[in-house]
Amino acid sequence: MFRQAVHDPSCGIWSCSPDFDLYLYDPAGRLVARSEGTAREERILYQPTATGTYLVEVYSYAGSGSYHLDASYR
């Protein structure tokens, strides 16, 4: 599971600012999971199918600011 949380966003009815989106790529470079919501947290749940290095990208959809990225596995 990968999770990104934005610190102290200012939220309106439909979105938060800043608004970050989260993308996960497998070792072959294929996009395997993404989260493009407007909530305070973006969350990806993914069960890897191959060993290797996975790439996590965080993009700013709107605004800028700090974020925290957590990764966990079992």
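Residues numbered from 1 in each chain as written. Predicted model: local features only at pLDDT ≥ 70, side-chain atom pairs only at ≥ 80, totals over all residues. Heavy atoms only, no water.

**With respect to the packing of aromatic side chains**
Next, step 1: One pass over the structure, following the stated rule, counts two aromatic pairs.
Next, step 2: Summarising the aromatic geometry, the rings of Tyr23 and Tyr59 are spaced 5.6 Å apart at their centres and angled 70 degrees between planes, so their arrangement reads as edge-to-face. Of this pair, Tyr23 sits in strand β4 (residues 19–25) while Tyr59 is found in strand β7 (residues 55–62), placing the two residues 36 residues apart along the sequence.
Next, step 3: Take Tyr59: its relative accessible area is 43%, and that puts it in the partly exposed class.
Next, step 4: Judged by centre distance (6.2 Å) and plane angle (55 degrees), the ring pair of Tyr46 and Tyr54 falls under tilted.
Next, step 5: Residue classification places Tyr46 among the partly exposed residues on the basis of a relative accessible area of 21%. (Phe/Tyr/Trp six-rings, centres within 6.5 Å; stacked < 30°, edge-to-face > 60°. Helix = DSSP H or I, 4+ residues; strand = E, 2+ residues; numbered from the N terminus. Buried < 20%, exposed > 50% of the residue type's maximum accessible area, 1.4 Å probe, protein only.)

**Comments concerning the pairing of β4**
Next, step 1: Burial within β4 is extensive, with seven of its seven residues counted as buried.
Next, step 2: The alternating pattern of β4 places Asp19, Asp21, Tyr23 and Tyr25 and Phe20, Leu22 and Leu24 on opposite faces, both of which are buried.
Next, step 3: Both β4 and β7 contribute to a ladder of seven bridges, which runs antiparallel. Pairing of Leu24 across the sheet is with Val56, part of β7.
Next, step 4: Examined bridge by bridge, β4 and strand β5 (residues 31–35) share four bridges and lie antiparallel to one another. In the strand pairing of β5, Tyr23 is matched with Arg34.
Next, step 5: Here β4 folds back onto β5 in antiparallel fashion, the turn holding five residues, of which Gly29 has a positive phi close to 90 degrees. (Pairing = 2+ DSSP bridges.)

**As for the pattern of salt bridges**
Next, step 1: All chains considered together, the criterion is met by two salt bridges.
Next, step 2: Of the charged contacts in the structure, one is a salt bridge between Arg43 and Glu41, with a shortest N-O distance of 3.5 Å. (Salt bridge = Lys/Arg side-chain N within 4 Å of Asp/Glu carboxyl O.)

**So, the confidence of the model for the protein**
Next, step 1: Taken over all residues, the pLDDT of the protein has a mean of 78, while the share at 70 or more is 76%.
Next, step 2: Across the protein, β5 holds the top mean pLDDT of 95, while strand β1 (residues 2–6) sits lowest at 43.
Next, step 3: When the criterion is pLDDT under 50, residues 1–9 qualifies, and its contacts beyond four places in sequence or with other chains add up to 43 contacts. (pLDDT = per-residue confidence, 0-100. Contact = heavy atoms within 4.5 Å.)

**A few points about the sheet that holds β7**
Think of a sheet as strands paired side by side through backbone hydrogen bonds, with each pair either parallel or antiparallel.
Next, step 1: Strand order in the open sheet formed by three strands is β5-β4-β7, and the pairing between neighbours is antiparallel. Across the chains shown, the open sheet's two edge strands, defined by having one partner strand only, are β5 and β7. In this sheet, adjacent strand axes meet at a mean angle of 20 degrees when their direction is disregarded. (Axes fitted to C-alpha atoms, helices over the stretch in contact; angles between N-to-C directions.)

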